[in-house]
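Chain and residue survey
Listed below are the residues making up each chain.
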Amino acid sequence: MRLKVFNRLYRRMLFLVCFVFGLLVALLLFLLFLLFRTSLFDITTISENASLIVICAVISILLVTQSMAIFWSKRITKPISTISRAVDEIAEGNFEVNIDDSKFKDEIKALAENINKMAEELRSIEVMRSDFVSNVSHEFRAPLAAIQGYVALLGDDSTTESQRKEYYTLLAESTGQLSGLVDSILKLSRLETQNIISKPVKFSLDEQLRRAVIMFENEWSAKEIDLELDLPGCECTGNEELLNQIWVNLIGNAVKFTDKGGKIGVKIEDTGKYYIVVKISDNGIGMSEEVKKHIFEKFYQGDSSRRRQGNGLGLALVKSVAVHTNCRISVESEVGKGTTFTVKVPKYSEANA
Ligand code: ADP
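Throughout this description, residue numbers start from 1 for each chain and increase along the sequence as written. Only residues with pLDDT of at least 70 are given local features in this predicted model, and only at 80 or more are side-chain atom pairs given and counted; all residues enter the totals for whole chains, interfaces and linings. The basis for every side-chain value is the complete set of non-hydrogen atoms in the structure, without hydrogens or water.

Section: the packing of aromatic side chains
Two rings from Phe, Tyr or Trp (for Trp, the six-membered ring) form a pair when their centres are within 6.5 Å of each other. A pair whose planes differ by under 30 degrees is stacked, one over 60 is edge-to-face, and the rest are tilted. Applying the stated criterion across every chain yields a total of two aromatic pairs. Plain terms: the ring middles of Tyr-150 and Tyr-167 are 6.0 Å apart, the flat faces sit at 20° to each other, and that makes the pair stacked. Of this pair, Tyr-150 sits in helix H4 (residues 106-154) while Tyr-167 is found in helix H5 (residues 161-193), placing the two residues 17 residues apart along the sequence. Accessible area is worked out with a 1.4 Å probe on protein chains only. A residue is then buried under 20% of its type maximum, exposed over 50%, and partly exposed in between. A relative accessible area of 13% means that Tyr-167 is categorised as buried. A ring has a charge above it when a Lys NZ or an Arg CZ is no more than 6 Å from the ring centre and no more than 35 degrees off the ring normal. The ring of Tyr-275 is capped by Lys-344, whose NZ or CZ atom sits 4.7 Å from the centre of that ring. Every helix listed is a DSSP run of H or I at least four residues long, and every strand listed is a run of E at least two residues long, numbered separately from the N terminus.

Laid out in structure tokens, this is it:
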């Protein structure tokens, strides 16, 4: 609708400009005829028919300028109408739109290209959103079904005392899984949708790493894992809480994917002027190239045998935190030999959005 107004306005303006210009040219020509009488023109006839000449000239100018105005306004507004229709469709939720910009030029072409890019981006966000919803529902279903099953068994009169104890433990495990899932989803959504503005604080990175290792003491001591810590004192300024999530997830995974009697190393390898390099290594199950490609994707779990021990959100969270804290993460891994995550932590970083 707005475009039609623009079209009309434009046509009127163009018509006015052409008309005034044409009138001026006609007037100039007429004056020239009067001023420079030559033998080629019969001035007496011209003077007698002056009014007729002027009327004819005005009518022809009117016709020519009107057709020119219509032609040019259509030519100029056609790409804008196409773009406007596409934007209307996007606004109504149809992200499959693709403007054919092969005949467009300059800024109009750039505008059409940008709208195509925007539609493509929206399409991928839509796919991600629906994938996320179906993954979340799927992840919730398993522990919920387990909880339902154990509750039914606990209510059964034939259940013995020892079975009851076992079901309580399994019930606690499933509820723990659910609360872990909710916690991870909330953290991820907070990282993805909110601006994290925090005052950078100075903290001891070696101390933070030690505390993260101690968090998993029950697990690594039960598996008799040999821990090798090399943590020389070093300070860091940034978002302490966010950074801690990286260590908790990486050390937690190292413990989870290392078998009984294995080895885990947590080291601060290099404290340069601007960066501190932290390496978390294990001699656990390792990863294939295919698994490595997907580990930072939400809900991806490479090792199906340990599915119940996680939810596939840990490394997605690590990646998101790394982006916010300007850390760089790389991974080296070999199936059956182990995995090493290397994190380059800036000595000074402000958590950003
Ligand atoms: P999960 O909850 O399954 O641990 P993560 O997002 O933390 O989810 O990890 C994704 C996948 O990456 C894991 O399922 C596993 O296949 C692989 N992975 C992560 N860390 C290690 C590791 N230290 N050793 C072997 N595989 C790992």
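After presenting the structure, the write-up continues.
Focus: the side chain of Ser-174
As for its placement among the helices and strands, Ser-174 is situated in helix H5. Ser-174 gets classed as buried once you look at its relative accessible area, which sits at 0%.

What to know about the sheet that holds strand E4 (residues 263-271)
Pairing between strands is defined by DSSP: at least two bridges between the two strands are required. Strand order in the open sheet formed by five strands is E2-E4-E5-E7-E6, with mixed pairing between adjacent strands. The open sheet is flanked by strand E2 (226-230) and strand E6 (328-334), the only strands paired with a single partner. Shown here is a sheet whose adjacent strand axes are inclined to one another by a mean of 10°, direction ignored. Inspection of the sheet shows E6 paired to strand E7 (residues 338-346) by seven bridges, in the antiparallel sense. Counted as the bridge partner of Val-331 is Phe-341 from E7. The contact rule is simple, with two residues in contact once any of their heavy atoms fall within 4.5 Å. Orientation is described by axes fitted as lines to C-alpha atoms, over the contacting stretch for helices, and by angles from 0 to 180 degrees between their N-to-C directions. The strands that helix H6 (residues 205-215) touches are E2, E4 and strand E5 (275-282); relative to E4, the one it contacts most, it runs at about 170°.

What about the pairing of E5?
Successive residues of a regular strand alternate their side chains across the two faces of the sheet. Direction of pairing for E4 relative to E5: antiparallel, over a ladder of seven bridges. Directly across from Val-266, in E5, lies its bridge partner Ile-280. The antiparallel hairpin formed by E4 and E5 contains three residues in its connecting segment. Pairing of E5 with E7, which is carried by eight bridges, proceeds in the antiparallel orientation.

What to know about the site of the ligand
In this text, near means that some heavy atom of the residue lies within 4 Å of the molecule or strand in question. In the neighbourhood of the ligand, 20 residues make up the surrounding shell, with Asn-253, Lys-256, Asn-311, Gly-312 and Leu-315 lying closest. Think of a polar contact as two N or O atoms within 3.5 Å of one another; within protein, one of them needs to be a possible hydrogen donor and the other a possible acceptor, and neighboring residues in sequence only count if both atoms come from side chains. Within the contact set of the ligand, an oxygen atom lies 3.0 Å away from a side-chain nitrogen or oxygen of Gln-301. Where the shell around the ligand is concerned, the elements lending two or more residues are helix H8 (240-256), helix H10 (314-325) and E7. Under the scheme applied here, ten amino acids are nonpolar (Ala, Val, Leu, Ile, Met, Phe, Trp, Tyr, Cys and Pro), four are charged (Asp, Glu, Lys and Arg), and all others, including Gly, are polar. Its residues assigned to classes, the shell around the ligand shows eight nonpolar, nine polar and three charged.

A word on the environment of Ser-288
By the element assignment, Ser-288 lies in the loop between E5 and helix H9 (289-294). For Ser-288, a relative accessible area of 29% corresponds to the partly exposed category. Separated by 48 residues in the primary sequence, Ser-288 and Gly-336 have C-alpha atoms spaced 9.3 Å apart.

Quick look at the pattern of salt bridges
What makes a salt bridge here is a side-chain nitrogen of Lys or Arg within 4 Å of a carboxyl oxygen of Asp or Glu, nothing more. According to the stated counting rule, one finds 11 salt bridges in the structure shown. Linking Glu-224 and Lys-260 is a salt bridge whose minimum nitrogen-to-oxygen distance equals 3.9 Å. In this pair, Glu-224 is assigned in the loop between helix H7 (217-222) and E2 and Lys-260 in the loop between H8 and E4, connecting sequence segments 36 residues apart. With a shortest N-O distance of 3.2 Å, Lys-292 and Glu-289 are connected by a salt bridge. Residue Lys-292 and its partner Glu-289 are located together in helix H9, separated by three residues, close to a single helical turn. The exposure class assigned to Glu-289 is exposed, which follows from its relative accessible area of 55%.

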